[in-house]
Amino acid sequence: MSAGLAAPAALARTRPGIAADLLDRFPPRPVADRWEATALGRDELTARLLAPPFTIGAPTMVPQRRRALARFLDWLSQFPGGTWQQRWEASGASQDGQLSWRPGAAQWLVDTGRATASASWLEETITYGFGQMVYADALRPSLSWLLSCSVSFPLTVEISRLRDPAGFAELRARAAASGLALTGQRGVVELVAVLVAAKGGLVADITVGDCLELIETRSGISASQGGRKSGTSFYQVLRGMGLFPAEAPATLRMINPLFQGQLSPGELIDQYALACRPVRDLLVDYLEERRPGVDHTTVRALAYYLGKLFWKDLETHNPGIDSLHLPADVAAAWQQRVMTRTLPLAASVGEPATAARLSATNALLAIRAFYEDIAHWALEDPRWVPWAVPCPVRVDRRAVAKERQHRQSRMDQRTRERLPVLPTLTDTAVRRLADAQALLTGASAAEPGAVFTVGAVTLRRSQQPGTTARVTALDPDTGRLRDLARAEEAAFFSWAAIEVLRATGIRVEELTELSHHSLVQYRVPSTGELVPLLHIAPSKTDIERLLVISPELADVLAALLHRVRDADGAVPLVIAYDRGERTFLPPMPVLFQRCVGADQRPIPAGTIREWVTDALAGTGLTDASGVPLRFTPHDFRRIFATEAIMNGMPPHICQLIIGHKDINTTMGYKAVYPEEAINGHRAFIARRRELRPAAEYRTPTDEEWEEFLGHFERRRLELGDCGRAWGASCRHEHSCIRCPMLRVDPAQRGRLVEIRDNLLARIAEAEQKGWAGEVEGLKVSLAAANNKLAQLELADARRRGAADLGMPTFGDTATRTITVTPAAGGAR
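Since the model is a prediction, treat every value here as computed from it, not as a measurement.

Trainee: Would you take a moment to explain the overall build of the protein for this structure?
Mentor: When you go through the protein residue by residue, the secondary structure sums to 32 helices and 15 strands. Evaluated residue by residue, the protein yields a buried proportion of 40% over its 828 residues. In the protein, 60% of the contacts between residues at least 6 apart in sequence involve partners at least 24 apart. When the accessible surface of the protein is totalled, it reaches about 45,100 Å², and 54% of it is carbon and sulfur.

As structure tokens, then:
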């Protein structure tokens, strides 16, 4: 086994957690010290390897096999040992999968006079002889040696032909039936061949521990060392063959390094490499104290706030700091830094850019709670007393309340933008699903290499043979290979997710946990009627609830069940990973599941978010700022609450349906609409009129009404409008050009220029003829005309230079008519 890699017996000690537990329950088979083939003498072994079934092909290949085997055995025989495996271990070559031992072996053959050929030819010959020994089970290289071997030889072909032809034939059939692509099928056979070569025996002799050892060994070999790609499909295929006991795990995804499991408080804090050990221990003790009452997501957030944003930042800017009692200037500087976050280098300026940290308030509140908790605990437990110091964090409660109001406003605006386009989203999802299904049907009916057309799309069926789970076609225009089966799968589950989310308002985590067990029914005692219900398992608030299934939702759930059922009519059990709690859930028949490789897996929440976003791609919908509109699963939850309450559902009933502990949270989900303010204002005016004297609201006479309308008609002037109040007379004796109440119409700018030019001509004439009094009056009018022109220029410049904030101008607002479609069940 190569240096730096743990031996199989030590794997459980080097990889704690789930992998260690599995290796303890399912230990790998040890490599035997002696077996029949490796104990054969040289002559007997040579005779076996030069006879069928080892020799195939042309008879002229036998001398070449004999020479290669003889050269390798010559070199290996010099090392001590009672078997060929022991000599192989003693040679040191078993520690090197890169085959760097071959030049030394070739040189030894030349130095001892056993060969006179070139070194490169001898190296190839030795490799050929070594391969024959492995195929015949005379040598069993370690898993690490085989997985990191940099020279390719037909291990898979020869092992499957010579060791267990029937077992490998069944393995290939199972891999093809599992839906794996050709490359995945070859990978399964290759890894199983490695296990047979390293452990001996047949395919049926492979154990769960062998698979675990292979995965663990492979994880320690980098790609630069020749390591193969990761994946556990080979385990799923072997399990499907019925080789493993019933208690064997359904999947080995849990030993993937990406699924590291829950980290302890010490491991969470040690991620930030704190220099002050006493403070590090204090933070660990604090998290240990808080952990029983909060979930793991909260523990990770506290570790980030306390370890990364607080103490690590203080150590970076104040080396040697070792006390929580911070000077005022240090605390103020830290609080200023935590309000912003550093962005990647801006290419335009070449300096780091900063932006406001959205979680700054949460960080400040967490640090303040940290100090207050220690002060409170110090009253009962003396170990906290040395750390009980005044809190340096000052939180402006008015600023916090203002931030919450702004956040609520942003959420309301987001809901108001997305509620009107929800029908467009659902229609687009239905259309995408129909198009994807039509393309998949057309491609499945077409012959490999044939061109087929569905609607306005023309594709060429891929000539590569595949499986029913992978149907590909080439786009002749772009040259892009399209996986039509995967596209149809994404379209179906995005449609199903959108329909379930909009009909129930559940969280996306609850959506991914919907299972066959979630479908229950209730019999009404009085009528005996069966009411279908959807059971929502406890999630964020640990509150379970039952929702009535509408006929539309029943159709969607029926489509989901029909799709995920296996050949026996049962929904497969899959193991989901809770990314919040960092744990694997028990096997469940979840509805949102798909086949990945040979493994049936639940669809994660992140994938559903991507699919929902993709459903809007190409619609051209944008928000108020012109950015393409983006839906998230939580938007459906807010839309559901808004629609339910606006259509008459009592808020406390809506609270129970969507699973909130506090009704104020539910009311925060409900967006405020303009018509609510309008209706409320109208109701207020009606109530005010009932209280005020009726004489104030008498009907005006015809003369009064004509006089009122005539006032506005008389306000229209040559250059625009007069702004004087109703009932007021003109105070400037109709000298409108000088009057500040004149509102010049921009369309009359040309006429105003003509008036200015006329004034200039009249002033010149008056000066020529000596009319001094006339000149003075005309100059006053000229100054007023120039002032009016300057105001028009300024207004025009402001209009051209203003940024488009998505807000209408006064003129636009005054001419807009809002039409509100009455809600179902009555007008609003």
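Trainee: Looking at this structure, how should I read the sheet that holds strand S9 (residues 545-548)?
Mentor: Either a parallel or an antiparallel arrangement is found when strands of a sheet pair, and the pairing is made through backbone hydrogen bonds. Read from one edge of the open sheet, three strands run S7-S8-S9, paired in antiparallel fashion. At either margin of the open sheet sits one strand with a lone partner, and together these are strand S7 (519-523) and S9. Geometrically, the sheet is characterised by an average inter-axis angle of 45° between neighbouring strands, direction not taken into account. Judged from the four bridges that link them, strand S8 (residues 530-536) and S9 form a sheet pairing that is antiparallel. By the bridge assignment, leucine 534 is partnered in S9 with leucine 547.

Trainee: Is there a simple way to think about the nonpolar core in this case?
Mentor: A general tendency of soluble globular proteins is for nonpolar side chains to be buried together. Core analysis: the biggest nonpolar cluster contains 76 residues, and Phe72, Met133, Phe234 and Leu238 have the highest contact counts within it. Those residues in contact with phenylalanine 72 that lie beyond four places of it in its chain are Trp88, Trp101, Ile126, Gly129, Phe130, Met133 and Leu139. One finds Trp495, Ile549, Ala605 and Ile608 within the second-largest nonpolar core, a separate group that totals 45 residues.

Trainee: How should I be thinking about the pairing of strand S13 (residues 599-602) in this particular structure?
Mentor: Along a regular strand, successive side chains alternate from one face of the sheet to the other. Strand direction decides the pairing type here: strand S12 (residues 593-596) and S13, joined by four bridges, are antiparallel. Among the inter-strand pairings, arginine 594 is bridged to a residue of S13, identified as arginine 601. Counting the residues between successive antiparallel strands, the hairpin from S12 to S13 contains two residues, one of them, glycine 597, with a positive phi of roughly 65°.

Trainee: How do you make sense of the sheet that holds strand S3 (residues 451-454) when you look at a structure like this?
Mentor: Reading across from one edge, S3-S4-S5-S6 is the order of the four strands in this open sheet, with antiparallel pairing throughout. In the strand order of this sheet, the two ends are held by S3 and strand S6 (481-483), each with one partner. Averaged over neighbouring strand pairs, the angle between their axes works out to 40° when direction is ignored. Both S3 and strand S4 (residues 457-461) contribute to a ladder of four bridges, which runs antiparallel. Along S4, the bridge assignment pairs valine 454 with valine 457. Each of S3, S4 and S6 is contacted by helix H20 (residues 422-445), which is oriented at about 155° to S3, the strand it contacts most.

Trainee: Explain the packing of aromatic side chains to me, please; I cannot follow it from the model alone.
Mentor: Here a ring pair, both rings aromatic, is described through the centre-centre distance and the interplanar angle of the planes. Under the defined criterion, the tally for this structure stands at 25 aromatic pairs. Summarising the aromatic geometry, the rings of tryptophan 101 and phenylalanine 130 are spaced 6.3 Å apart at their centres and angled 70° between planes, so their arrangement reads as edge-to-face. Note that tryptophan 101 is positioned in the loop between helix H5 (84-91) and helix H6 (102-111) and phenylalanine 130 in helix H7 (residues 119-135), a separation of 29 residues in sequence. One exposure class covers both tryptophan 101 and phenylalanine 130, and it is buried. Every member of this aromatic cluster is reached through a ring pair, and the members are Tyr286, Phe310, Trp311, Trp334, Phe370, Tyr371, Trp377 and Trp384. Arginine 638 extends its terminal NZ or CZ atom over the ring of tyrosine 669, reaching a point 4.3 Å from the ring centre.

Trainee: Looking at this structure, I do not really get the environment of threonine 46. What am I missing?
Mentor: Tracing the backbone through its elements, the reader meets threonine 46 in helix H3 (residues 42-49). Distance from threonine 46 to alanine 70, taken between C-alpha atoms, is 8.2 Å for residues 24 residues apart in sequence. When sequence neighbours within four positions are dropped, the list of residues in contact with threonine 46 reads Leu69 and Leu73.

Trainee: Which parts of the structure should I look at to understand the pattern of salt bridges?
Mentor: Pairing between side chains of opposite charge can happen when their charged atoms approach one another. Here the structure, examined in full by the defined rule, presents 33 salt bridges. With a closest N to O distance of 3.4 Å, glutamate 417 and arginine 418 form a salt bridge. Salt bridges linked by common partners bring Asp270, Arg277, Arg280 and Asp281 together as one network.

Trainee: What exactly am I supposed to notice about the packing of helix H9 (residues 155-162) against helix H10 (residues 165-177) here?
Mentor: For any two helices packed against each other, the geometry comes down to the angle between their axes and how far apart the axes lie. Relative to each other, H9 and H10 sit at 120°, their axes nearing to 6 Å. Considering their axes alone, H9 and H10 lie oblique with respect to each other. Counting all contacts with H9, which are made through Ile159, Ser160 and Arg161, the residues of H10 involved are Pro165, Phe168 and Arg172. When grouped by side-chain class, the residues that make up the contact of H9 with H10 number three nonpolar, one polar and two charged.

Trainee: Any chance you could explain the side chain of arginine 507 here in plain terms?
Mentor: Positionally, arginine 507 belongs in the loop between helix H21 (484-504) and helix H22 (508-512). On the accessibility criterion, arginine 507 (6% relative accessible area) is buried. Separated by 2.7 Å, the side chains of arginine 507 and glutamate 510 make a polar contact. Engagement of the side chain of arginine 507 in a polar contact is seen with the backbone oxygen of glycine 659, the distance being 3.3 Å.

Trainee: Can you help me understand the pairing of S7 in this one?
Mentor: Two elements, S7 and S8, share five bridges in a ladder whose sense is antiparallel. Residue arginine 523 lies in a different strand from S8, and its bridge partner there is leucine 530. The loop that links S7 with its antiparallel partner S8 comprises six residues; one of these, glycine 528, has a positive phi angle of about 75°.

Trainee: Would you mind showing me how to read H9 here?
Mentor: Counting along an α-helix, one turn takes 3.6 residues, and residues three or four places apart therefore face a common direction. If you check which residues of H9 are buried, you get Leu155, Glu158, Ile159, Ser160 and Leu162. Among the structural elements, H7, helix H8 (143-147), H10 and helix H11 (182-199) are those in contact with the buried residues of H9.

Conventions we followed
- Residues numbered from 1 in each chain as written.
- Predicted model: local features only at pLDDT ≥ 70, side-chain atom pairs only at ≥ 80, totals over all residues.
- Heavy atoms only, no water.
- Helix = DSSP H or I, 4+ residues; strand = E, 2+ residues; numbered from the N terminus.
- Buried < 20%, exposed > 50% of the residue type's maximum accessible area, 1.4 Å probe, protein only.
- Contact = heavy atoms within 4.5 Å.
- Areas by Shrake-Rupley, 256 points an atom, 1.4 Å probe, with all protein chains shown as cover.
- Pairing = 2+ DSSP bridges.
- Axes fitted to C-alpha atoms, helices over the stretch in contact; angles between N-to-C directions.
- Core = buried A, V, L, I, M, F, W, Y, C linked by side-chain atoms within 4.5 Å.
- Phe/Tyr/Trp six-rings, centres within 6.5 Å; stacked < 30°, edge-to-face > 60°.
- Lys NZ or Arg CZ within 6 Å of the ring centre and 35° of its normal.
- Salt bridge = Lys/Arg side-chain N within 4 Å of Asp/Glu carboxyl O.
- Parallel < 35°, antiparallel > 145°, perpendicular 65-115°, else oblique.
- Nonpolar A, V, L, I, M, F, W, Y, C, P; charged D, E, K, R; others polar.
- Polar contact = N/O pair within 3.5 Å; in protein donor to acceptor, adjacent residues only side chain to side chain.

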